[in-house]
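Listed here are the chains, written in short residue letters.
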Amino acid sequence: MSTPEPSEAFESLHPAMQKWVWRQGWAALRATQEQTIPAVLGGDCDVIVAAATAGGKTEAAFLPILSRLLAGGDDDAGMGLALYISPLKALINDQYGRLDLMTDGLDLPVVPWHGDIPQKLKHGFLKHPRGMLLITPESLEAICVTHGHRLASLFERLEYVVVDELHAFIGVERGMQLQSLMHRLELVIRRRVPRVGLSATLGDMQLAAGFLRPAGAQSVRTIVSTEDAGELKLQIRGYRQVPPALSPRQAEATEESGAEVAVEDTIQGDVLDISQHLFQVLRGTNNLVFANSRGNVETYADLLRRQCEQLRVPVEFFPHHGSLSKELREHVETGLKAQTQPVTAVCTSTLEMGIDIGSVASIAQIGPPHQVASMRQRLGRSGRRGEAAVLRIYIQEREIDHKTPAPDRLRPALFQAVAMTELLLSRWTEPPLHGALHLSTLIQQILSVIAQHGGTTAQGLWNALCENAPFAAVGQDNFVALLRRMGRTGLLSQSADGTLLHGEVGERIVNHYSFFAAFTTPEEFTLAVDGKVIGTLPIDRPVAEGDYLIFAGRRWRVLRLDMTHKRIDLARAGGGRAPTFGGTAGIVHDVVRAEMHDLYCGQEVPVYLDAGAQELLAEGRHHFHDLGLDRTAFLDAGEDVFVFPWAGDIALDTLAAMLTESRIRTQREGVYLCARDTTTAAVQEALKRIAARDQPAPVELAANVENKASEKYDEFLDDDLLSVDWASRRLDANAALQIVQRLCASN
DNA sequence: GACCTGCTGCGGTGTG
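Residues numbered from 1 in each chain as written. Chains lettered and ligands numbered in written order. Predicted model: local features only at pLDDT ≥ 70, side-chain atom pairs only at ≥ 80, totals over all residues. Heavy atoms only, no water.

Tell me what's going on with the overall build of chain A, and back it up with residues and numbers.
When its secondary structure is counted, chain A shows 27 helices and 24 strands. Relative to the globule expectation of 27 Å for 747 residues, the C-alpha radius of gyration of chain A, 28 Å, shows essentially globular dimensions. On the principal axes, the C-alpha backbone points of chain A span a range of 85 × 65 × 55 Å. Per-residue burial for chain A yields a buried fraction of 53% across its 747 residues. Sequence separation of at least 24 residues holds for 71% of the intrachain contacts in chain A that already meet a minimum separation of 6. If you sum the accessible surface of chain A, you get close to 33,300 Å²; carbon and sulfur atoms cover 49% of it. Within chain A, the 93 negative side-chain charges are centred at a point lying 3 Å from the centre of the 73 positive side-chain charges. (Helix = DSSP H or I, 4+ residues; strand = E, 2+ residues; numbered from the N terminus. Rg over C-alpha atoms; globule rule 2.2 N^0.38 Å. Buried < 20%, exposed > 50% of the residue type's maximum accessible area, 1.4 Å probe, protein only. Contact = heavy atoms within 4.5 Å. Areas by Shrake-Rupley, 256 points an atom, 1.4 Å probe, with all protein chains shown as cover. Lys, Arg positive; Asp, Glu negative; His and termini not counted. Charge placed at Lys NZ, Arg CZ, Asp CG, Glu CD.)

Tell me what's going on with the nonpolar core, and back it up with residues and numbers.
The nonpolar side chains of a soluble globular protein tend to be buried, and buried together. Among the nonpolar cores identified, the biggest contains 52 residues, and Ile236, Leu288, Leu336, Leu414, Phe644 and Trp646 are the most heavily contacted of them. No fewer than three residues from each of domain 2 (232–425) and domain 5 (632–746) sit in this core. Look past the residues within four positions of leucine 336 in its chain and what remains in contact with it is Asn286, Asn287, Leu288, Val343, Ala345, Leu351, Ile357 and Val360. (Core = buried A, V, L, I, M, F, W, Y, C linked by side-chain atoms within 4.5 Å. Domains from an automatic or database assignment.)

Tell me about the sheet that holds strand β23 (residues 666–669), and please be specific about residues and values.
Across the sheet, 4 strands lie side by side as β21-β22-β24-β23; this open sheet has antiparallel pairing. Among the strands making up the open sheet, the edge pair consists of β21 (634–637) and β23. When strand polarity is set aside, the average angle formed by the axes of neighbouring strands in this sheet is 25 degrees. Pairing geometry for strand β22 (residues 640–643) and strand β24 (residues 672–675), over 3 bridges, is antiparallel. (Pairing = 2+ DSSP bridges. Axes fitted to C-alpha atoms, helices over the stretch in contact; angles between N-to-C directions.)

Describe the pairing of strand β9 (residues 287–290), listing the residues and the values that go with them.
A two-sided burial pattern is seen for β9, the buried positions comprising Asn287 and Val289 on one face and Leu288 and Phe290 on the other. The pairing of β9 with strand β11 (residues 344–347) spans 4 bridges and is parallel. When the sheet's bridge partners are listed, asparagine 287 is paired in β11 with threonine 344. One ladder, built from 4 bridges, connects β9 with strand β12 (residues 362–366); its direction is parallel. In the strand pairing of β12, phenylalanine 290 is matched with glutamine 365.

Provide a residue-level description of the packing of helix α3 (residues 31–42) against helix α4 (residues 57–74), including the pertinent values.
Contact geometry of α3 with α4 gives a least axis separation of 8 Å together with a crossing angle of 35 degrees. As for the relative orientation of α3 and α4, their crossing is right-handed in sense. Contact with α3, carried on its side by Gln33, Thr36, Ile37, Val40, Leu41 and Gly42, involves Glu59, Ala60, Ala61, Pro64, Ile65, Ser67 and Arg68 of α4 and no other residues of that element. Each residue belonging to the contact of α3 with α4 can be placed in one class, and the counts come to 7 nonpolar, 4 polar and 2 charged. (Left-handed = near helix turned anticlockwise from the far one by under 90°. Nonpolar A, V, L, I, M, F, W, Y, C, P; charged D, E, K, R; others polar.)

Account for the packing of aromatic side chains, with residues named and values stated.
The geometry of an aromatic ring pair comes down to the distance between the two centres and the angle between the two planes. For the coordinates displayed, the defined rule picks out 16 aromatic pairs. Taken together, a centroid distance of 3.8 Å and an interplanar angle of 10 degrees make the contact between phenylalanine 415 and tyrosine 600 stacked. You can see phenylalanine 415 sitting in helix α16 (residues 412–425) and its partner tyrosine 600 sitting in helix α21 (residues 590–601), a full 185 residues away along the chain. On the basis of relative accessible area, tyrosine 600 is assigned to the buried category, the value being 0%. Ring pairs connect the aromatic residues Phe415, Tyr600, Phe624, Phe642, Phe644, Trp646 and Tyr672, which therefore count as one cluster. Across from the ring centre of tryptophan 556, 5.4 Å away, lies the NZ or CZ of arginine 572, which sits over that ring. (Phe/Tyr/Trp six-rings, centres within 6.5 Å; stacked < 30°, edge-to-face > 60°. Lys NZ or Arg CZ within 6 Å of the ring centre and 35° of its normal.)

Quick one: what's the story with the sheet that holds β12, residue by residue and with numbers?
An order of β8-β13-β12-β9-β11-β10 is seen for the 6 strands of this open sheet, with the pairing classed as parallel. On the outer flanks of this sheet lie β8 (232–240) and β10 (317–320), each paired with one strand and no other. Neighbour-to-neighbour, the strand axes of this sheet turn through a mean angle of 20 degrees, independent of strand direction. Sitting on the sheet, helix α13 (residues 294–310) is in contact with β10, β11, β12 and β13 (389–397), with an inclination near 165 degrees to β10. On top of the sheet, helix α14 (residues 326–338) reaches β9, β10 and β11; it is set at about 130 degrees to β10, its chief contact.

Which residues make up the environment of threonine 489, and what are the values?
Residue placement: threonine 489 occurs in the loop between α19 (476–488) and β14 (492–494). For threonine 489, the residues in contact, after removing those within four places along its chain, are Val505 and Phe716. For threonine 489, the side chain forms a polar contact with the main-chain oxygen of methionine 486, separated by 3.4 Å. (Polar contact = N/O pair within 3.5 Å; in protein donor to acceptor, adjacent residues only side chain to side chain.)

Describe the state of the cysteines, listing the residues and the values that go with them.
A full pass over the atoms with the stated rule returns 0 disulfides. Residue cysteine 674 stays outside any disulfide, its sulfur separated by 19 Å from that of cysteine 744, the closest cysteine. Taking the relative accessible area as the measure of exposure, cysteine 674 reaches 1% and is therefore buried. Residue classification places cysteine 744 among the partly exposed residues on the basis of a relative accessible area of 21%. (Disulfide = S-S within 2.5 Å.)

A description of the domain arrangement of chain A should follow, citing residues and the corresponding values.
With domains assigned, chain A is organised as domain 1 (8–224), domain 2 (232–425), domain 3 (455–516), domain 4 (524–572) and domain 5 (632–746). On a C-alpha basis, the centroid separation for the pair domain 2 and domain 5 is 35 Å. Contacts between domain 2 and domain 5 engage 4 residues on the former and 6 residues on the latter. Taking both partners together, domain 2 and domain 5 bury about 300 Å²; carbon and sulfur atoms supply 95% of that area. At the surface where domain 2 touches domain 5, the tally comes to 0 salt bridges. (Buried area = accessible area lost by both parts, 1.4 Å probe. Salt bridge = Lys/Arg side-chain N within 4 Å of Asp/Glu carboxyl O.)

Go over α3 with me, naming the residues and quoting the values.
Along its 12 residues, α3 runs 18 Å from first to last C-alpha, staying within 8% of the 16 Å computed at 1.5 Å per residue. Residues of α3 that are buried: Thr32, Gln33, Thr36, Ile37, Ala39, Val40 and Leu41. In this fold, the buried residues of α3 make contact with α1 (8–12), β1 (47–50), α4, β5 (158–163), β6 (195–199) and β7 (221–224). One or two positions beyond α3, positive phi appears at glycine 43, with a value near 70 degrees. (Expected span 1.5 Å × (residues − 1).)

Help me get a handle on the side chain of threonine 136, residues and values and all.
Relative to the elements of secondary structure, threonine 136 occurs in the loop between β4 (131–135) and α7 (137–146). Each residue touching threonine 136, except ones within four places of it in the same chain, is listed here: Ile85, Ser86, Lys89, Ile92, Trp113 and His114.

Hey, could you go over unusual backbone geometry for me, with residue numbers and the actual values?
Although it is not a glycine, arginine 312 sits at a positive phi angle of roughly 55 degrees. With respect to the helices and strands, the residue arginine 312 is situated in the loop between α13 and β10. A positive phi angle is found at tryptophan 646, which is not glycine, with a value near 50 degrees. Tracing the backbone through its elements, the reader meets tryptophan 646 in the loop between β22 and α23 (649–661).

Now the structure itself:
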């Protein structure tokens, strides 16, 4: 055991925490910890600690917080309370294990609180609310609703609020809910409580500070780890799509003739090639293969398993995604962590953050990543303990013939992957989207505040949620319109003295446990084999008895379909294809599209491209120039006009809405806009008109968008409020006008 | 044309 170098930060810790640091055998505290400890211990400011995975940031926060709680315990006033909020139950369980060791033998209760925790533990906390409470936003919401009358006494000794994985909350409904809950707690105890945000690399520290403390971003201390990222070994591999050996029709005919069809003959050639390459390079070590969709996860996990079986070696490739049962997922996680035999997980973003699965030898990514931020997060799983991180990206592009539409000749998947890789290397990360109103979450919070107080006034709601509060941007007019709408839809009712109460519909919603989550989840079938549940499947997928499908890395036939209990019974079979799980597309950032444009215009060939990817890069550039896209943004395509502004999806969507409003029917299609039944001259005229007139109100543009309802309680909004909400989260008039000016100037 | 996350209190019955 070595003694850590004494430092001011170390000396300031409670003796019990100093002992814990000694027991770790650390040579010294890390730079991040040296900075964080005094900032947190002071207790007079909010702090954000941004550091790569395994950077010791949890200890940086826990050491001073536990010190302060222990010091309070020595006083007559008694021990205070710290709240640790996590987006994942699994993370709470992990942190509970760590804190249990840190507080071993000390009189400092640590209580985990989420849906899987037995009530007895929770009652213990309600009796003696002190020490450290580890909780999810949903469970905290439940406490506000269920124990509203005693909220002030429960949290009266609150000294800190820690938010782990801060980046996971910014810009989404759950983040609005969390901000609102933190604000409501401070209101009820009538004082400001220091907040500590822990995060991986954040794209924009000022934005993160504004999220953590909406009314005082300037006063948030931000501590960014300067520890250098280790070495990175990188390759992008390019593949051309090759049709399966047998077309679906040929395969069916062969089966009808009684002959057996080899699974491999029904799979695309490039998919087989990629799975074989993965098998060769990954076998024998622990790895993560990110396949971008649950359907792809199933396809590749199945092919990799078959290769193991054909060689008669133990299966070491397993699927992992959100529709698989908890048991199946935990089996894979345990295998990865144990490191006793090689395990490769083929996964979606399920293994991107959170629980500790140990270090893996390499990361593979099939298809272009959706975001630089998630690329960075994925890479953080590899290359710990001084070893180089290894990343292989597999890109498939279609074969070009005379029928290939012009935009598909640009090899957009490869260019997106290279652009994101370049941005990753230059340390850029997408800032989270912000400015969304999330009226759906405001509905939830209004119902929750009413439950907490057993009724309140419109003014009370405004004060609790909007006035210098997280929903300030909603504005009074929209707030009043929302309350009226909630009255009309039965969410609210008003008593004779003006008190707002739950309406009949609101009562029903609040009294069901599904109320506590701010986000929505689709209805699903349960999938079972011999009575054992192996996962779920979205209910809007067409499934029939006798169908074949791949799931959990195996092949099945649908035995029974029970619509009343939403249950599907499966039996082992040899055929099948991966189901499509549905979902909506991600949003690509302006900077990524600009980087793609630079790549098309440039000459350089990144060293990390294999021969196949180099060819695709050269082809993309050739067609880019051949189509004249180096000189113009417009492409005549028969009756349609394609426009290539090389801007992000939100700017493109806004511009499409502006053109549509100017009577040029326009839609975004991948990286470009498609204007229907028109000419380049007409589009250019329309752009000039848009540039010349006053800035269009995004709300008016949103009025033309169909199917705007997407968040949990959007169904209760009328079209006006839906448009307000949609405009706030999916339209950016300034960005669109910049494109318009650019396009007008270049012609 | 993508992914992920979360969830209470009560009444009934059984057991020590």
